[in-house]
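# Geometric and topological summary
Below are the chains, spelled out letter by letter.
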Amino acid sequence: MRKRMVAASAFLGVLCMLPVFQRINTPEHVTAEEHGNENDHGKTSESGYVGIGIDTSLRIEAGSRIAVVSKSDDGQFWDMVKAGMEAAVADVNEAYGFSKDDQITMSFEGPSDERDVETQINTIDAVIAENPTVLVLSVGDMDSCQPQIETAKENGIPVLLFDSSVADTGMVDAYCGTDNKEVGRLGARHMIDALGGNGKVVVFAPQEKTLSAKDRVDAFLEEIASEKGIQVIDVVYGDQVEDMGTAMAEELTDHPDLSGVFCSNAVTAEQYLNLDKEENMADPKMIGVDATSRQQEAVRSGAEEGIISQNPYQMGYKTMWMAICASDPGWDEYGLEDMLAPMWIDASNIDSEECKEYIYY
């Protein structure tokens, strides 16, 4: 990211130190005290997520419109991201006493299919034309949105990314997402354990041009290469084959001695779990990503070794808090990055308290 980066542990501290500047001919920027709200400084979210407080001393733009364009709006992961964002908006409005026209508002749009990059770009174009206060993106193709980001910046609209970034981050003001390289590394380590250090493995991934997917696959391959007895015989991307289900079935048929399968996101994991297995197919150990209801069921039944899961609610909440803070005129003096740690979930801990925020509903 450009400019100064801060670690996740320092995230709130840096936000609290944001300098205050006043823009001319822009909507009013107020602290909660200036708005007449007596809520305590550092109010904790009442939405159930207590990992971040609402700092009421920051100069938030009353009536800010936050436009979110996700790489998809379909699935439990995205539902939970959106819920976290909505909770952050509600908490800020309460903490600052914003009501009626002063309220912060957000929109959340995206294609139903993460591979539908064209629809996402068209949606971003339409959203920018409406001149939102802040633009928030999760990008399906890391090289596709540069003209849109440039247009937003030319019009004075801060651009924040979440979940999946772009190749050129020079005009990006902030990023919040899971440490996707750690997702890949965790997948490899648990695959090594599951196979006892020996066997053949296939990786199934969603899109080759999505940075989050690329980071997971690259890190998985790098980590598992240290185990000499394990061979990755193929990496299959969903946007490089006509039908992912058919490609999966062919891998299982062509390699009857296949020992392991790593599915690097929820879509590929569920596609794999829903395959009609035939007698002549391999029956490898499977590790997936994102603890959807289907994968929870598979872990409990033994069909899946385990899941590397994200915390989408936390991601949504923190991303929206960043976006709301971006209405501060001094925001662009800071480049912020918040990398969230993934969690390994298997039959031994799936019902534990520590995994609760990583389970999708």
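Residues numbered from 1 in each chain as written. Predicted model: local features only at pLDDT ≥ 70, side-chain atom pairs only at ≥ 80, totals over all residues. Heavy atoms only, no water.

## Things to note about the nonpolar core
- With 39 residues, the main nonpolar core has Val136 and Met320 as its most contacted residues.
- Elements with a contribution of two residues or more to this core: strand 5 (65-69), helix 3 (76-96), strand 7 (134-137), strand 8 (159-162), strand 9 (174-178) and helix 11 (312-325).
- Per-element accounting of this core gives the leading share, eleven residues, to helix 3.
- Excluding its chain neighbours within four sequence positions, the residues that come into contact with Val136 are Ile66, Ala67, Val68, Val69, Met85, Leu160, Phe162, Thr319 and Ala323. (Core = buried A, V, L, I, M, F, W, Y, C linked by side-chain atoms within 4.5 Å. Buried < 20%, exposed > 50% of the residue type's maximum accessible area, 1.4 Å probe, protein only. Helix = DSSP H or I, 4+ residues; strand = E, 2+ residues; numbered from the N terminus. Contact = heavy atoms within 4.5 Å.)

## Examining the pairing of strand 14 (residues 306-309)
- Burial along strand 14 is two-sided: Gly306 and Ile308 facing one way and Ile307 and Ser309 facing the other are all buried.
- Note that strand 13 (residues 285-289) and strand 14 share three bridges and pair parallel. Bridge assignment links Gly288 to a residue of strand 14, and that residue is Ile307.
- For the segment spanning strand 13, helix 10 (residues 293-301) and strand 14, crossover handedness is right-handed.
- As paired elements, strand 14 and strand 16 (residues 343-345) share three bridges and run antiparallel to each other. Considered in strand 16, the bridge of Ile307 is made with Ile345. (Pairing = 2+ DSSP bridges. Right-handed = clockwise from strand over helix to strand, strands pointing away.)

## Brief notes about the pattern of salt bridges
- By the definition in use, this model includes 13 salt bridges.
- Between Asp218 and Lys214 there is a salt bridge, with its nearest N and O atoms 2.8 Å apart. With Asp218 and Lys214 both in helix 7 (residues 211-224) and four residues apart, this pair spans about one turn of that helix.
- Residue Lys214 is classed as partly exposed on the basis of its relative accessible area of 33%.
- One salt bridge in this structure joins Lys285 and Glu305, with 3.8 Å as the shortest N-O distance. In this pair, Lys285 sits in strand 13 while Glu305 sits in the loop between helix 10 and strand 14, placing the two residues 20 residues apart along the sequence.
- Judged by its relative accessible area of 34%, Lys285 falls in the partly exposed class.
- When salt bridges with common partners are traced through the structure, they connect Glu182, Arg185, Arg189 and Glu223 into a single cluster. (Salt bridge = Lys/Arg side-chain N within 4 Å of Asp/Glu carboxyl O.)

## Describing the confidence of the model for the protein chain
- Chain-level pLDDT for the protein chain is 86 on average; 84% of the residues reach the 70-or-more range.
- Across residues 1-27 the pLDDT falls below 50, and counting only partners more than four positions away or on other chains, this stretch makes 68 contacts in the model.
- Scored below 50 in pLDDT, residues 38-51 makes 34 contacts in the model with residues more than four places away or belonging to other chains. (pLDDT = per-residue confidence, 0-100.)

## A few points about the sheet that holds strand 16
- The strand order across the open sheet built from six strands is 11-10-12-13-14-16, with neighbouring strands paired in mixed fashion. Two strands in the sheet have a free side with no partner beyond their single neighbour: strand 11 (230-237) and strand 16. Neighbour-to-neighbour, the strand axes of this sheet turn through a mean angle of 20°, independent of strand direction.
- Two elements, strand 10 (residues 199-205) and strand 11, share seven bridges in a ladder whose sense is parallel. Within the sheet, the bridge partner assigned to Val203 lies in strand 11 and is Val235.
- Helix-sheet contacts for helix 7 involve strand 10, strand 11, strand 12 (258-263) and strand 13, and the interaxial angle to strand 11 is about 170°. (Axes fitted to C-alpha atoms, helices over the stretch in contact; angles between N-to-C directions.)

## Some thoughts on helix 4 (residues 117-129)
- With 13 residues, helix 4 should cover 18 Å at 1.5 Å per step; its first-to-last C-alpha distance of 19 Å lies within 8% of that length.
- Along helix 4, the residues classified as buried are Val117, Gln120, Ile121, Thr123, Ile124, Val127 and Ile128. Across the axial projection of helix 4, the buried residues extend over an arc of 160°, all falling on one side. Those residues of helix 4 that are exposed and angled more than 90 degrees off the buried face are Glu118 and Ala129.
- Where the residues of helix 4 are buried, they touch strand 5, strand 6 (105-109), strand 7 and helix 5 (146-154).
- Directly after helix 4, the chain includes Asn131, whose backbone phi takes a positive value near 55°. (Expected span 1.5 Å × (residues − 1). Arc of directions from axis to C-beta.)

## Remarks on the packing of helix 8 (residues 244-254) against helix 9 (residues 266-273)
- Contact pair helix 8 / helix 9: the axes reach a minimum separation of 10 Å and the direction vectors enclose 60°. In terms of orientation, helix 8 and helix 9 fall into the oblique class. Like other packed secondary-structure pairs, helix 8 and helix 9 cross with a definite hand, here right-handed. Packed against helix 8, whose contacting residues are Met244, Met248 and Leu252, the element helix 9 presents Thr268, Gln271 and Tyr272 at the interface.
- Here the contact of helix 8 with helix 9 is composed, by residue class, of four nonpolar, two polar and no charged. (Parallel < 35°, antiparallel > 145°, perpendicular 65-115°, else oblique. Left-handed = near helix turned anticlockwise from the far one by under 90°. Nonpolar A, V, L, I, M, F, W, Y, C, P; charged D, E, K, R; others polar.)

## Considerations on the packing of helix 4 against helix 5
- Between helix 4 and helix 5, the least distance of the axes is 10 Å, while the angle of their chain directions is 10°. For the element pair helix 4 / helix 5, the angle class is roughly parallel. Of the residues in helix 5, those touching helix 4 at Ile121, Ile124, Asp125 and Ile128 are Gln148, Thr151 and Ala152.
- For the contact of helix 4 with helix 5, the class distribution of residues is four nonpolar, two polar and one charged.

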